[in-house]
Amino acid sequence: MARRASKQRLLKRHPICCFCGGGVSATTVEHAPPKVFFRNKLRPAGLEFPACERCNHGSSQLDQVASYFAITSGLLVNDEETANRLMKGIANNSPEVLKLLSHQKDEVIRVRGTLRNMVLVNLHPKLRRDWINPWIAKQAYALWYQHAGSLIGKDGLVAVKWLTNSALMEQGVPDDLMELAQFEGRLSQGKKQVSDQFFYRYQISRENRLGVFAIGAHDGSLFVATVFDTCHKGLSSLKLLKQGDIFRTNSVKGIHSVPSHSLARLKAHFG
């Protein structure tokens, strides 16, 4: 009863889905990131968003795949029980993902004075394009709504990239990214802390309608998203658009990738 009342209060304050550009009524509450992203689904309250049925439940397969790779590539906890449960869900709901699993290298490294096992992750390009990057884009839409207080409309663009633990080992965390994303966000509820599983840094410019989000996952991955809330001059010169995949949204398709030929036209028009 209390959960239902909380849902109704949220939807009364936020009646429009924040994921598909405006105009579609919100009928459900989306957790971003989802409960499945956390060990044993122990997720503190917070970061709950208004969503239509399509935008909420249409990404459950993305949730499983992204959560599996984030958890299995973590540095500090080898959570085989959670990983196995997610793998069973992937086998049932997204069996094509199993065919795209590439060789993953086990390595022992020293973390904070202790030797830890780490699985170096390198993703098949199709896994990035069809499962991981769309999931990151959805988290960006949610976090923009949380901190900018407005929807990303159909004219906005979101550029995303996953820095795997393998990339972080080789290249480290980009200094300019951490300098730019100066503010910190976490999920916590009383004494319940999950910063080892999820935290993020961000920067919002409402004047320029730009945002940058860096999401840390299970002490082993970094999801990066740049939000362009509207197309504007100078778009083609921004280096962040040259990294990862580009997404936009509308009431018909929801969040979807921008084909390369469409992006080329946009950059040429606004450059």
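Presented here is an overview of the structure given in this document. (Residues numbered from 1 in each chain as written. Predicted model: local features only at pLDDT ≥ 70, side-chain atom pairs only at ≥ 80, totals over all residues. Heavy atoms only, no water.)

## Points about the overall build of the protein
Put simply, the rule is: Secondary structure elements are defined from DSSP: runs of H or I of at least 4 residues count as helices, runs of E of at least 2 residues count as strands, and each element is numbered from the N terminus. Buried residues are those whose accessible area, probed at 1.4 Å on protein chains only, stays under 20% of the maximum for their type, while exposed residues exceed 50% and partly exposed ones sit between those limits. Per-residue and other accessible areas follow the Shrake-Rupley method at a 1.4 Å probe size, with only the shown protein chains counted as cover for residues.
Counting secondary structure elements, the protein contains 8 helices and 13 strands. The 271 residues of the protein split such that 47% are buried. Working note: accessible area of the protein is about 13800 Å², and carbon and sulfur atoms make up 50% of it.

## Concerning the sheet that holds strand β13 (residues 256-257)
What counts, and what does not: Note: two strands are recorded as paired if DSSP finds a minimum of 2 bridges between them. Contacts are assigned to residue pairs that have any heavy atoms within 4.5 Å of one another. Note on definitions: angles span 0 to 180 degrees between N-to-C directions of axes, and those axes are lines fitted to C-alpha atoms, for helices only across the stretch in contact.
Read from one edge to the other, the open sheet built from 7 strands follows the order β6-β9-β10-β11-β5-β12-β13, with strand pairing classed as antiparallel. Lying at the two open borders of the sheet, with one neighbouring strand each, are β6 (183-186) and β13. Pairing analysis gives 2 bridges linking strand β12 (residues 245-248) to β13, with the strands arranged antiparallel. Paired with R248 across the two strands is H256, which belongs to β13. Where helix α5 (residues 125-148) meets the sheet, its contacts fall on β5 (157-163), β9 (198-205), β10 (210-217), β11 (221-228) and β12, and the angle it forms with β5 comes to roughly 120°.

## Topic: the nonpolar core
Our working rule: What makes a nonpolar core is a set of buried Ala, Val, Leu, Ile, Met, Phe, Trp, Tyr and Cys residues whose side-chain atoms join them at distances within 4.5 Å.
Ranked by internal contacts, the top residues of the largest apolar core, which has 57 residues, are F19, I132 and F223. Those elements that provide at least two residues to this core are β2 (48-51), α3 (60-72), α4 (80-93), α5, β5, β9, β10 and β11. If one sorts the elements of this core by residue count, α5 sits on top with 13 residues. Every residue in contact with F19, bar those within four places of it in the chain, is listed here: E30, F49, P50, A51, C55, K138, Y141, A142, T249 and I255. V212, A214, L222 and V224 belong to the second-largest nonpolar core, a separate cluster that totals 6 residues.

## Remarks on the environment of T72
The following threshold applies: Contacts described as polar in this section are N or O atom pairs within 3.5 Å, which, within protein, must combine one atom able to donate a hydrogen with one able to accept it, while residues neighboring in sequence count only if both atoms come from side chains.
Position of T72 relative to the elements: it lies in helix α3. Separated by 146 residues in sequence, T72 and H218 have C-alpha atoms that sit 8.7 Å apart. From its side chain, T72 meets the backbone oxygen of Y68 in a polar contact 2.8 Å long. A distance of 3.5 Å separates the side chain of T72 from the backbone oxygen of F69, its partner in a polar contact.

## Quick word on the packing of α3 against α4
To keep things clear, this is the line we draw: Throughout, a crossing is termed right-handed when the near helix is turned clockwise from the far one, and left-handed when it is turned anticlockwise from it by less than a right angle. Residues are sorted three ways: Asp, Glu, Lys and Arg are charged, Ala, Val, Leu, Ile, Met, Phe, Trp, Tyr, Cys and Pro are nonpolar, and all the rest, Gly among them, are polar.
Axis separation between α3 and α4 bottoms out at 9 Å; the angle between their running directions is 145°. Here α3 and α4 pass one another in a crossing that is left-handed. Listed contacts from α4 to Q61, Q64, V65, S67, Y68, I71 and T72 of α3 are T82, A83, L86, M87, G89, I90 and N93. Of the residues contributing to the contact of α3 with α4, the split by class is 7 nonpolar, 7 polar and no charged.

## Things to note about the environment of P44
By the element assignment, P44 lies in the loop between β1 (28-31) and β2. P44 gets classed as buried once you look at its relative accessible area, which sits at 1%. Distance from P44 to S188, taken between C-alpha atoms, is 5.6 Å for residues 144 residues apart in sequence. In this view, P44 contacts L187, S188, Q189, K192 and V194; residues no more than four positions away in its chain are not counted.

## Some words on α3
Our working rule: Working rule for helices: expected span equals 1.5 Å times residues minus one.
Helix length check: α3 (13 residues) gives 18 Å between terminal C-alpha atoms against 18 Å at 1.5 Å per residue, within 8%. Counting buried positions along α3 gives 11 out of 13 residues, so the element sits mostly inside the fold. Taken residue by residue, α3 has L62, D63, Q64, V65, A66, S67, Y68, F69, A70, I71 and T72 as its buried positions.

## Observations regarding the environment of M178
Mapped onto the fold, M178 is located in helix α7 (residues 175-180). Ignoring anything within four residues of it in the chain, the contact list for M178 reads V173, R201 and A214.

## Remarks on α5
Short version of the rule: At every residue, the bend is computed as the angle between two fitted axes, covering the seven residues ending there and the seven beginning there respectively.
Of all bends in α5, the biggest is about 35°, found at I132, and the proline P134 comes one to four residues later. Among the 24 residues that make up α5, 18 are buried, leaving the element largely enclosed by the rest of the structure.

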